[in-house]
Amino acid sequence: MKIVIWDLDGTLMDTLTDLMNSTNYALSQCGMPTRSYDEVRRFVGNGVHKLIERAVSTNSSADDVERCFACFKQHYMVHCKDNTKPYDGIVEAVRQLHDRGVRQAIVSNKLQGGVTELHEEWFRGIIDVAIGETPEVNRKPAPDMVNKAVAALKKMSGIAPDAPVEAVYIGDSDVDIETAHNACLPCISVLWGFRDKDFLISHGATTFAKTPQDILELMTKC
């Protein structure tokens, strides 16, 4: 069985504008300076709590961070689809992999509610499993979420838990490269996301996709 594990933000979907808007709404409500698009782009990748930790004023207390985070969550759950959409060609690439019999999962440090909503909106029926951040599972770059996804896909396919599979991880960041390494999976780094090629190379990336079509070609070779 072939498996593809997808990162969500910056890989399947361009979520940055909505993340920035909710971040800046929360900062404004907490009386803090807002952040630019490029600043928020640099802050994402380690979950939304870390995004807010990085975005708040440098002299903020732990209580300030939690207050801002609560405000962010409330706003983002309502507005997470205002501007968010799949990257061009992604849905078709995912569909083609599905039609080839490739099992697919989303593994994201985004809150589970947001992951579920976007999965249902855009990838229901073609991506089998969608795992977001919950208190019960260590978030990326720990391998736990990836391992959970692989186990779920094996169960859905009637495959024994210890049966070998051919799995590939696809992401756009240093966190994704580290996650793939920790899960002992090869990694395809996409070049349309939140990090550029030089940055990815400096963090160990070796295989790249410029377009979703490149992923289909790379998967054919696997």
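From a predicted model like this one, the values you see are computed outputs, not experimental measurements.

Let us now look at the pairing of strand S7 (residues 187-190). Side-chain positions along a regular strand alternate between the two faces of the sheet. Alternating residues of S7 divide into Cys-187 and Ser-189 and Ile-188 and Val-190, and every residue in both groups is buried. For strand S6 (residues 166-171) and S7, the ladder comprises three bridges, and the chain directions are parallel. Residue pairing in the sheet places Ile-170 in a bridge with Ile-188 of S7. What joins S6 to S7 is helix H8 (residues 174-182), and the crossover it makes is right-handed. Pairing of S7 with strand S8 (residues 208-209) involves two bridges; the strand directions are parallel. Along S8, the bridge assignment pairs Ser-189 with Phe-208. Of the crossover connections in this fold, the one passing from S7 over helix H9 (residues 197-202) to the parallel S8 is right-handed.

One number sums up the size of the largest pocket: a volume of about 170 Å³. Lining the largest pocket are 15 residues, and of these Pro-186, Cys-187, Ile-188, Thr-206 and Thr-207 lie nearest its centre. Contributions of two or more residues to the lining of the largest pocket are made by H8 and S7. Each residue belonging to the lining of the largest pocket can be placed in one class, and the counts come to ten nonpolar, five polar and no charged.

Picture a little ball the size of a water molecule; that probe, rolled over the atoms, points out where space is still empty. Applying the stated criterion across every chain yields a total of one cavity of 30 Å³ or more. Of the volumes computed, that of the largest cavity is approximately 230 Å³. Lining the largest cavity are 18 residues, with Asp-9, Val-44, Gly-45, Gly-47 and Asn-109 positioned closest to its centre. Looking at the lining of the largest cavity element by element, the count peaks at three residues for strand S4 (residues 103-111). In the lining of the largest cavity, the residues fall into six nonpolar, five polar and seven charged.

The next point concerns helix H10 (residues 212-221). By the burial criterion, the buried members of H10 are Pro-212, Ile-215, Leu-216 and Met-219. Summarising the axial view, the buried residues of H10 lie within an arc of 100°, below the 170-degree limit, and thus occupy one face. Seen from the buried face of H10, the exposed residues on the opposite side, beyond 90 degrees, are Thr-220 and Lys-221. Residues of H10 that are buried sit in contact with strand S1 (2-6), helix H5 (90-99), S6, S7 and S8.

So, on to the packing of helix H1 (residues 16-29) against helix H4 (residues 62-79). Between H1 and H4, the least distance of the axes is 8 Å, while the angle of their chain directions is 140°. Here H1 lies oblique to H4, going by the angle between them. When the axes of H1 and H4 are compared, the crossing they make is right-handed. Contacts between H1 and H4 involve Asp-18, Leu-19, Asn-21, Ser-22, Thr-23, Tyr-25, Ala-26, Leu-27 and Gln-29 from the first element and Cys-68, Cys-71, Phe-72, His-75, Tyr-76 and His-79 from the second. Classifying every residue of the contact of H1 with H4 gives eight nonpolar, six polar and one charged.

Thresholds applied
Note on numbering: residues in each chain are counted from 1, in written sequence order. Note on the predicted model: pLDDT of at least 70 is required for a residue's local features to be given, and 80 or more for side-chain atom pairs to be given and counted; whole-chain, interface and lining totals, by contrast, use all residues. Excluding hydrogens and water, the side-chain figures rest on all heavy atoms present in the structure. Exposure is judged per residue with a 1.4 Å probe applied to protein chains only, and the accessible area is read against the type maximum: over 50% gives exposed, under 20% gives buried, and values in between give partly exposed. Each helix corresponds to a stretch of at least 4 residues labelled H or I by DSSP, and each strand to a stretch of at least 2 residues labelled E; elements are numbered beginning at the N terminus. At least two bridges found by DSSP between two strands is the condition for calling them paired. Crossover handedness is defined by viewing with both strands directed away from the observer: a clockwise path from the first strand over the helix to the second marks the crossover as right-handed. As defined here, a cavity is a set of points on a 1 Å grid over the protein atoms alone where a 1.4 Å probe fits but cannot get out. A pocket is an open set with protein on both sides within 12 Å along at least five of seven lines, and residues line them when an atom is within 4 Å of a point. Grid points are joined across faces, edges and corners, and a volume is the space filled by probe spheres set on the points. When residues are grouped by polarity, Ala, Val, Leu, Ile, Met, Phe, Trp, Tyr, Cys and Pro land in nonpolar, Asp, Glu, Lys and Arg in charged, and all others, Gly among them, in polar. The arc in question is formed by the directions pointing from the helix axis toward the C-beta atoms. Two residues form a contact once any of their heavy atoms are found within 4.5 Å. Each axis is a line fitted through C-alpha atoms, and for a helix only the stretch in contact is used; angles between axes span 0 to 180 degrees, taken between their N-to-C directions. In these notes the angle categories are as follows: under 35 degrees is roughly parallel, over 145 is roughly antiparallel, 65 to 115 is roughly perpendicular, and the rest is oblique. Handedness of each helix crossing follows the sense of rotation of the near helix against the far helix: counterclockwise by less than a right angle gives left-handed, clockwise gives right-handed.

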